[in-house]
Every structure is written in C-alpha cells, then in structure tokens.
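Coordinate inspection notes
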Amino acid sequence: MKRKALSLLLAGAMTLSLALTGCGGGGSDSGDSGDAPAASEDSGSEDASGGDEGDKPYAGVTLKWWGGNAENNAGTQAVMEAAAEKLGMEFEVEVNPGGSEGDNILKTRMASGDLPDFLAYNSGSKLYDLNPSRGFLDISDWDVIEKFDDAFLSSVTIDGAVYGAPQSSTQAGAVIYYKPDYEELGLEIPHTWDDFVANCEKLADAGKTPVYFTGGETWATQVLFLGDYYNIATANPDFADDYTNGKAKYADVPEATRSWTKYEDLVDFLNADKSAATVTDGNFAIATGEATHWFILTQQLPLILENVDDPDDIGVFGVPGEDADDHGLTVWEPMSWYVSKDSENIEAIKAFFDFYYSEEALDIYFETYGANGPSCIKGYELPESVCNAVRVDMQAYFDDGKTVPALEYQSPIKGTTCEQMTTAVGLGQMTGKEAAAMYDDDCKKSAVQLGYDWE
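Source: prediction; values computed, not measured. (Residues numbered from 1 in each chain as written. Predicted model: local features only at pLDDT ≥ 70, side-chain atom pairs only at ≥ 80, totals over all residues. Heavy atoms only, no water.)

A few points about the packing of helix H16 (residues 418-426) against helix H17 (residues 432-449)
Packed helices, taken two at a time, are described by their axes: the angle between them and the distance between them. Packing of H16 against H17 brings their axes to within 10 Å, and their N-to-C directions diverge by 175°. Compared by their axis directions, H16 and H17 come out roughly antiparallel. On H17, the residues touching Cys418, Met421 and Val425 of H16 are Gly432, Ala435, Met438, Tyr439 and Asp442. Along the lines of polarity and charge, the residues of the contact of H16 with H17 split into six nonpolar, one polar and one charged. (Axes fitted to C-alpha atoms, helices over the stretch in contact; angles between N-to-C directions. Helix = DSSP H or I, 4+ residues; strand = E, 2+ residues; numbered from the N terminus. Parallel < 35°, antiparallel > 145°, perpendicular 65-115°, else oblique. Contact = heavy atoms within 4.5 Å. Nonpolar A, V, L, I, M, F, W, Y, C, P; charged D, E, K, R; others polar.)

Quick look at the structure:
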C-alpha cells in the first residue's frame, strides 16, 4: 500500500472557488491491498450520493468550517465543490491563523461554545491540549473510520473516543532541496550530519545560499528540531515514554540536545533576510534555486512546485543523524477534521465525510492539489502524476522501514514556546544547550497541567 500527505495557501474568509496546483495533476492509479476496506467510488453512503440530477439531499444546508491556509487549498476546494454538486450542501470557510495565535483563538472559541460545524486542527499532542470532549463529537461509531490506518487513528483517539478524520495525508519534517545545485557541484545526498554541513560549506564557497531560514514565520523554524526526532528515537527507543514521565530531558540526553545544537552549525549558512523571511518566501526560494536546502514540513511541496519548470528539480531527504546506515524520516500524521458536537448539521457532515473519503473524491483532491507524502487511507494509491519527491524520495523511507512518528504522536507533552526558542537559536541569539534546558522547563509546565509528576 502506498501512502501520502498534503499542503498550503489562500487567506481570508471566502466561499469556494476551484483552483489548481501541485505535486500531481494527471491520471489516477488506484489499488486495493489485502483485506483492508479500500477506498472505492461507491464507498460513500447511497442516501447521500445524489442519484438523479436535482436529487440533492442536503440542498439548502450550509456547512461552516474553519481551517488554516494549509487546509483551505485547491484540493479541498475542489472536493467541496464536487460535494456541493452531488449532495447539495454549500460550504462557508473562515481561515484561521496558524501557530500559537491560531491555537489561542481556537481554545477561546471552544471555551465559549463558538465552533463552526467542523474544523481542521492538529492530531497528536495538541489535540490532548484542547480537552476535545468539551467541544468535539466522538465519531467512533461512524463507518468511515474503518478506512483510516491504525497510525492515524491512534493520533486522534483519547480515552477510547475517536475525534478526528484525516484532512489530507501524512507528511514529514525533512530537508527539501534544489537538485540542480547538487548536480552542478557534484554533491551527494548526505547520510550524516557532518556530511550535510560539508555540503553546506561547498555550496557557500560556490556563492550559493546553503540553508533557508524563515524567522519571520516562527512555526516553520521548529522543523529541524522536530524532524530530528528519528535520530533521537533510534538511539533511545524508550525516549517517548521516559520523556512523558519526566525521566528523560532534552538537556540530559545527548542525541536530544543535539537536535538543538544543530541550529548553531548552520548560522553562517543562512539567507541574508533570515529574521524576516516567511514560508511563502521559502517556497519561492527553493523552487527557483535562490537557496539549496530548507528544513520544512513536506506539506510545502505542492506550493514549491507551483514555481518550478521541472518537478524533478525538487527532492526530499530526512534530517541526517550520526549513523550513515540508519538515515530515516520523521513522519507527521495529517491535520484532521473535527466535528462540533453542537452542530445542527451532523447528518450533512457525515454524508460529506462519506464522500470525502471515496475514491472519487480522493482522486479529485490529489490530482488537483498534489501530495505531501504517503497516504493513511487503506487501499488507496496515489495517482501516477504525483511528483518523484513523494513517490520516490519519501516512499523509499517508508518501504525500507526507516520512519518514526514525530514525538507529538507518541507523547501528549509539548512545550508552548518551542517555536520562539528554535527561532532564537537559529538566529544565534542563544545556544542550543541553553534552549534545551529552557525547553525542558517549558515542557514541565505542560506535563504538570496534564497531571504528570515531573521532577
């Protein structure tokens, strides 16, 4: 079974209009694997499929939803437009800011009972922080969840209740790189951190910008730190449990401290506008070869590919560690759809979800927008048109068993100031060791709030 993931753009409150972009755009090649319930064209509910023209069971229903720029993309819009045509409902979107600002807005609106019909938000540890039973519907009795793989379900299940459905698919915290620079200088993909730094030195000597850093959009500066988790976990298999219970700390475990000090190795290799550059700037810089490497979530691939002449100019590799024979990839489960338990349109949302995870809608999504990584829908294969950065580069890590879920899917604890500290270390304003100790203190606050006994 092949797997996959997704990406971002658009802002403001708006109604749907179809656009297109992406790491894909051609035909589809769907498959079935094993006994798992596969995505299929008739897998939505028959009652909600809209048989005859004009037979639209949810005509007159408007579903209000909320998500970030990443979720309000051309693929999502295309699927919603198809659902409107087939089922009759209309969609009204409110775009939520990302990062800690968006988290705070959601928590405030959740506390006041001011939620839309459904919304997109993180799976994993950030879901725990919301205390989702306050506002989200338990969908564990919905048939559609049988299509989701176990790794995804575990990331949206709390105390036996299933709250989320995948908005897109998996992605990775990795290095997206501009291949022509590698070809020009005869560089090879680095399988150790030292080799990566050596490549950066050669790029700098050739007058290129080795690493792009987006200090103007702080959430993105976390990806080197978070994406390095594969190297922590493979060296310390019990790290997630020990960290959750306060027995392992970033300042005390060498591989964990190294995730912070790696930023120091890159200070001299960054773009001149590193403190102000945004994610949009990064998309363009990698697409055009303005910079060679970017530590970023692979959700950015479709947006990067909007500006390239040849999709094969863009590649992906995992954050290198110390062992050249164990170079792996840290994987994120997708953002998820959550249903407000106070919505008056539950049946319409359920019908939309049945359609959203049908083969018809999955093909619409991925052929319109493209992919960010392998899929968490059982039995569904990505279209042939998906770029090699996903179908070849990322898929190889999955095929070789060289993947680890990000820590936020193995532990409910994450510090609230991570992005501020990764930005400060990246800009040379504090050392990696200082940041590691401060992050431990930040995580302790989160742990205590969740009832864990941290020393």
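There's plenty left to go through after this.
Details of the pattern of salt bridges
Counted by the stated rule, this structure contains eleven salt bridges. In this structure, Lys56 engages Glu85 in a salt bridge whose closest nitrogen and oxygen atoms are separated by 3.8 Å. In this pair, Lys56 sits in the loop between strand S1 (14-15) and strand S2 (62-67) while Glu85 sits in helix H1 (residues 74-87), placing the two residues 29 residues apart along the sequence. With its nearest N and O atoms 3.4 Å apart, the salt bridge here joins Arg109 to Asp114. On the basis of relative accessibility, which here comes to 40%, the residue Asp114 falls in the partly exposed class. Taken together, the shared-partner salt bridges connect Glu94, Arg109 and Asp114 into one network. (Salt bridge = Lys/Arg side-chain N within 4 Å of Asp/Glu carboxyl O. Buried < 20%, exposed > 50% of the residue type's maximum accessible area, 1.4 Å probe, protein only.)

Section: the environment of Phe239
Within the secondary structure layout, Phe239 lies in helix H9 (residues 239-244). The sequence separation of Phe239 and Leu407 amounts to 168 residues, and the corresponding C-alpha distance is 9.2 Å. Those residues in contact with Phe239 that lie beyond four places of it in its chain are Tyr229, Ile232, Ala248, Tyr250, Val253, Ala256 and Leu407.

Some points on the packing of helix H6 (residues 193-205) against helix H10 (residues 254-266)
The N-to-C vectors of H6 and H10 enclose an angle of 15°; their axes lie 11 Å apart at closest approach. Judged by the inter-axis angle, H6 sits roughly parallel to H10. The chirality of how H6 crosses H10 is right-handed. Facing H6, whose interface residues are Trp193, Phe196 and Val197, H10 presents Arg258, Lys262, Asp265 and Leu266. (Left-handed = near helix turned anticlockwise from the far one by under 90°.)

Quick look at the confidence of the model for the protein
Mean pLDDT over the protein: 88, with 88% of residues reaching 70 or higher. Here residues 1-22 scores under 50 on pLDDT; set against residues more than four positions off or in separate chains, the count is 111 contacts. Counted against residues more than four places away or in other chains, residues 25-53, with its pLDDT under 50, gives 63 contacts. (pLDDT = per-residue confidence, 0-100.)

A closer look at the packing of aromatic side chains
Scanning the model with the defined rule gives 35 aromatic pairs in all. Ring centres of Tyr177 and Tyr182 lie 4.9 Å apart, and the angle between their planes is 55°; this geometry places the pair in the tilted category. Ring centres of Phe239 and Tyr243 lie 5.7 Å apart, and the angle between their planes is 15°; this geometry places the pair in the stacked category. Here the residue Phe239 and the residue Tyr243 both occupy positions in helix H9, the gap between them amounting to four residues, near one helical turn. Note on Tyr243: relative accessible area 1%, which makes it buried. Between the NZ or CZ atom of Arg109 and the centre of the ring of Trp66, over which it lies, the distance is 4.8 Å. (Phe/Tyr/Trp six-rings, centres within 6.5 Å; stacked < 30°, edge-to-face > 60°. Lys NZ or Arg CZ within 6 Å of the ring centre and 35° of its normal.)

Observations concerning the nonpolar core
One finds Met89, Phe239, Tyr250 and Phe352 to be the most contacted residues of the largest nonpolar core, which totals 143 residues. Per-element accounting of this core gives the leading share, seven residues, to helix H13 (residues 346-356). (Core = buried A, V, L, I, M, F, W, Y, C linked by side-chain atoms within 4.5 Å.)

What about the side chain of Asn283?
Looking at where Asn283 falls in the secondary structure, it is placed in helix H11 (residues 279-288). On the accessibility criterion, Asn283 (7% relative accessible area) is buried. In contact with Asn283, other than residues within four places in its own chain, are Trp294, Gln300, Leu303 and Ile304.

Considerations on helix H2 (residues 99-111)
Relative to the 18 Å expected for 13 residues at 1.5 Å per residue, H2 spans 19 Å between its end C-alpha atoms, a close match to the ideal helical length. Considered for burial, the residues of H2 that qualify are Gly102, Asp103, Leu106, Arg109 and Met110. Viewed along the axis of H2, the buried residues span an arc of 135°, placing them on a single side of the element. Those residues of H2 that are exposed and aimed more than 90 degrees away from the buried face are Glu101, Thr108 and Ala111. Those residues of H2 that are buried are in contact with S2, strand S3 (90-95), strand S4 (118-121) and helix H3 (125-130). At the C-terminal side of H2, Gly113 shows a positive phi close to 75°. (Expected span 1.5 Å × (residues − 1). Arc of directions from axis to C-beta.)

Considering the pairing of strand S13 (residues 336-339)
Along any regular strand the residues' side chains alternate between the sheet's two faces. Residues Ser336 and Tyr338 of S13 are buried on one face, and the alternating residues Trp337 and Val339, pointing to the opposite face, are buried as well. Pairing of S4 with S13, which is carried by four bridges, proceeds in the antiparallel orientation. Directly across from Ala120, in S13, lies its bridge partner Trp337. Pairing geometry for strand S7 (residues 164-166) and S13, over three bridges, is antiparallel. Within S13, the position partnered with Gly164 by the bridge is Tyr338. (Pairing = 2+ DSSP bridges.)

Examining the state of the cysteines
The tally for this structure, following the rule as stated, stands at zero disulfides. Unpaired in this structure, Cys418 has its nearest cysteine sulfur neighbour in Cys443, at a distance of 7.7 Å. (Disulfide = S-S within 2.5 Å.)

Quick look at H10
Over its 13 residues, H10 runs 19 Å from end to end, which matches the ideal 18 Å to within 8%, given 1.5 Å per residue. Roughly 40° is the biggest bend found in H10, and it falls at Trp260. Every buried residue of H10 is listed here: Ala256, Thr257, Ser259, Trp260, Thr261, Lys262, Tyr263 and Leu266. (Bend = angle between axes of the 7 residues up to and from the residue.)

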